[in-house]
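Listed below are the residues making up each chain.
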Amino acid sequence: MAILLIRHGETPGNRDRIIQFPDTPLSERGLEQAARLGQRLASEPIGEIWVSDHARARMTAEAVERTTGAPLRVVEALAERNLGALRGTPYSELDFDPFALDYVPPEGESWAAFHDRVDRVWAEVERHWVEHFAARAEAAHLAVVTHGLVLRSLFERRLFAPPERDRHANEHGQIAVANTAVSIVEPRHEGGRIVAHQIPLLACVAHLDEATAPRANPNVGM
């Protein structure tokens, strides 16, 4: 019994390096990636799917729903970091780093506000897993379909201790999570709460072949 953390499929914004709106859909490539993800998980005992309300995440989760029959639950707090007035802007037009730690986007979320939201929704995920999955007689997984920065926030701050985090990080100090990558989190619980995690699989895209594999992108997220 595990929590499966999944990033959405590719979008035109990912492809063209544009800061995205919540209603940005999957690209044709992203739809194929999502279909392959659904095929990969078809034989897995998925009990529920939690998903961000952004279109790209919902379209990805629906591909898993079609092959597994698991019910979908939309959780708004799983949304990507809100970059506010920067949405719709190509990265190439920016003369600053929108991901700088001290930068707060107009009408958007600071890093502190974003991380606080991620912490709160992760606590909700953990509570639900303990209450509805940990004691099941038959194995079942809780699938969570969300976004690159949400996953980075979890892996880099919550799920890996610094030495292990550094071992998995790329040359930019980030844990890269490609489109439709699957990670397995195995919680250990005591006294009705999760006390530790193991991550036997991190950001795996074995279901993608060369035709649908994501392009290299040092700025993982969004």
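Every chain's residues receive numbers from 1 upward, in the order its sequence appears when written. Only residues with pLDDT of 70 or above have their local features reported here, since the model is predicted, and side-chain atom pairs are shown and tallied only from 80 upward, although totals for entire chains, interfaces and linings are computed over all residues. Excluded from the side-chain calculations are hydrogens and water; all other atoms, namely the structure's heavy atoms, are used.

Caption draft 1: Broad picture of the layout of surface pockets. A cavity here means a set of points on a 1 Å grid, drawn over the protein atoms and nothing else, where a 1.4 Å probe fits but cannot get out; a pocket is an open set with protein on both sides within 12 Å along at least five of seven lines, and a residue lines either one if it has an atom within 4 Å of a point. Grid points are joined across faces, edges and corners, and a volume is the space filled by probe spheres set on the points. Its volume calculated, the second largest pocket comes out at about 230 Å³. Lining of the second largest pocket is provided by 13 residues; of these, Phe-99, Leu-101, Trp-111, Arg-152 and Glu-156 occupy positions nearest its centre. Runs of E in the DSSP output that reach at least two residues are strands. Runs of H or I that reach at least four are helices, and both are numbered from the N terminus. For the lining of the second largest pocket, the secondary-structure elements that each account for two or more residues are helix 4 (111-132) and helix 5 (148-159). With five residues, helix 5 is the largest single contributor of residues to the lining of the second largest pocket. When residues are grouped by polarity, Ala, Val, Leu, Ile, Met, Phe, Trp, Tyr, Cys and Pro land in nonpolar, Asp, Glu, Lys and Arg in charged, and all others, Gly among them, in polar. In the lining of the second largest pocket, the residues fall into five nonpolar, four polar and four charged.

Caption draft 2: Representation of empty space enclosed by the protein in the model. A full pass over the atoms with the stated rule returns one cavity of 30 Å³ or more. Within this model, the largest cavity holds a volume of roughly 40 Å³. What lines the largest cavity is simply Leu-5, Leu-78, Val-118, Val-121, Trp-122, Val-125, Val-144, Thr-146, Val-150 and Leu-154. Contributing elements (two or more residues each) for the lining of the largest cavity: helix 4, strand 4 (141-146) and helix 5. Here the lining of the largest cavity takes four residues from helix 4, the largest share from any one element.

Caption draft 3: Summary view of the pattern of salt bridges. Counted as salt bridges are all cases of a side-chain nitrogen of Lys or Arg within 4 Å of a carboxyl oxygen of Asp or Glu. Under the criterion given, the structure shown has 13 salt bridges. Between Glu-10 and Arg-29 there is a salt bridge, with the nearest N and O atoms lying 3.6 Å from each other. With Glu-10 in the loop between strand 1 (3-7) and helix 1 (12-16) and Arg-29 in helix 2 (residues 28-41), the pair connects residues that are 19 residues apart, well separated along the chain. Residue exposure (1.4 Å probe, protein chains only): buried if accessible area is under 20% of the type maximum, exposed if over 50%, otherwise partly exposed. The exposure class of Glu-10 is buried, given its relative accessible area of 4%. One salt bridge connects Arg-157 with Asp-119, and the closest N-O pair in it is separated by 2.6 Å. With Arg-157 in helix 5 and Asp-119 in helix 4, this residue pair connects regions lying 38 residues apart in the sequence. Accessibility expressed as a relative area gives 33% for Arg-157, which makes it partly exposed.

Caption draft 4: Here's a closer look at the sheet that holds strand 1. Strands were regarded as paired on the criterion that DSSP finds at least two bridges between them. Taken together, six strands build an open sheet; the order of strands is 3-2-4-1-5-6 and the sheet is mixed. Each edge of the open sheet carries a strand with a single partner, namely strand 3 (72-74) and strand 6 (193-204). Taken pair by pair, the neighbouring strands of this sheet meet at an average axis angle of 20°, ignoring direction. As judged from the seven bridges shared by strand 5 (residues 182-190) and strand 6, these two strands associate in the antiparallel manner. Directly across from Ile-184, in strand 6, lies its bridge partner Leu-201. By definition, residues are in contact when any of their heavy atoms lie within 4.5 Å. Note on method: axes are straight lines fitted to C-alpha atoms, helices fitted across the in-contact stretch only, with angles between N-to-C directions ranging 0 to 180 degrees. Lying on the sheet, helix 2 is in contact with strand 1, strand 2 (46-51), strand 5 and strand 6; it crosses strand 1 at an angle near 165°. On the sheet, helix 5 packs against strand 1, strand 4, strand 5 and strand 6 and is oriented at approximately 135° with respect to strand 1.

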